[in-house]
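Reading the structure
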Amino acid sequence: MTPHNPPVLSPSIHPEIRHCNPKPTRYHTRMTTQKSQPSFRSRVEHYSARHIANAIGCSLPTAYDWRSGRRAPPAWMQDQIIADLANYHPQIKHTD
């Protein structure tokens with residue numbers, strides 16, 4: 001098998017495997033029974049990146065990514081991070 005002689009696929013293999021563009025998949029909406037929370041970005045955007053980095057101990061680029069919404073910590077950790085931010089500098093209050 002060389003780059004110029006691709007392997008011959010047997011008929012039992014699905015033909016979509018050979019194509020670069022796979023079949024589109026179905027996307028299902030997430031079923032939620034709880035009230036949706038505000039996004040993590042909206043909960044941390046009033047804190048400065050330096051404040052987030054000092055309070056949590058994360059790197060400054062990570063704090064910038066959290067504030068901009070490019071990235072977010074795992075869902076199970078978000079509430080603890082918000083609590084740590086509020087306790088680190090109590091003068092900064094988050095108003096819902």
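This one's a predicted model, so the numbers in the text were calculated from it and none came from an experiment.

So, on to the layout of surface pockets. Reported here for the largest pocket is a volume of approximately 150 Å³. Together, Ser-36, Gln-37, Pro-38, Phe-40, Ala-75, Gln-78 and Asp-79 line the largest pocket. In terms of residue count, the dominant contributor to the lining of the largest pocket is helix H4 (residues 75–88) (three residues).

A side chain with one charge can pair with a side chain of the opposite charge if their charged atoms come near. Counting across every chain of the model gives three salt bridges. Between Asp-79 and Arg-43 there is a salt bridge, and its shortest N-O distance comes to 2.9 Å. Separated by 36 residues along the polypeptide, Asp-79 in helix H4 and Arg-43 in helix H1 (residues 40–44) bring together distant segments of the chain. When the shortest N-O distance is used, the salt bridge between Asp-65 and Arg-70 registers 2.9 Å. The network of salt bridges with shared partners includes Asp-65, Arg-70 and Arg-71.

Among the nonpolar cores identified, the biggest contains 13 residues, and Phe-40, Val-44, Ile-52, Ala-63, Trp-66 and Leu-85 are the most heavily contacted of them. Going through the elements one at a time, H1, helix H2 (49–56), helix H3 (60–68) and H4 are the ones with two or more residues in this core. Broken down by element, this core gets its largest block of residues, four residues, from H2. Leu-85 has contacts with Val-44, Tyr-47, His-51, Ile-52, Ala-55 and Ile-56, leaving out every residue within four places of it along the chain.

Residue placement: Asp-65 occurs in helix H3. Classification of Asp-65 by relative accessible area gives buried; the value is 15%. At 3.3 Å, the side chain of Asp-65 and the side chain of Arg-71 are in polar contact. If sequence neighbours within four positions are ignored, Asp-65 has contacts with Arg-70 and Arg-71.

Before going further, it helps to examine H2. Of the positions making up H2, those classed as buried are Ala-49, His-51, Ile-52, Ala-53 and Ala-55. Contacts made by the buried residues of H2 are with H1, H3 and H4.

Calculation notes
- Residues numbered from 1 in each chain as written.
- Predicted model: local features only at pLDDT ≥ 70, side-chain atom pairs only at ≥ 80, totals over all residues.
- Heavy atoms only, no water.
- 1 Å grid on protein atoms, 1.4 Å probe; cavity = no way out; pocket = protein on both sides within 12 Å on 5 of 7 lines; lining within 4 Å.
- Points joined across faces, edges and corners; volume = space filled by probe spheres on them.
- Helix = DSSP H or I, 4+ residues; strand = E, 2+ residues; numbered from the N terminus.
- Salt bridge = Lys/Arg side-chain N within 4 Å of Asp/Glu carboxyl O.
- Core = buried A, V, L, I, M, F, W, Y, C linked by side-chain atoms within 4.5 Å.
- Buried < 20%, exposed > 50% of the residue type's maximum accessible area, 1.4 Å probe, protein only.
- Contact = heavy atoms within 4.5 Å.
- Polar contact = N/O pair within 3.5 Å; in protein donor to acceptor, adjacent residues only side chain to side chain.

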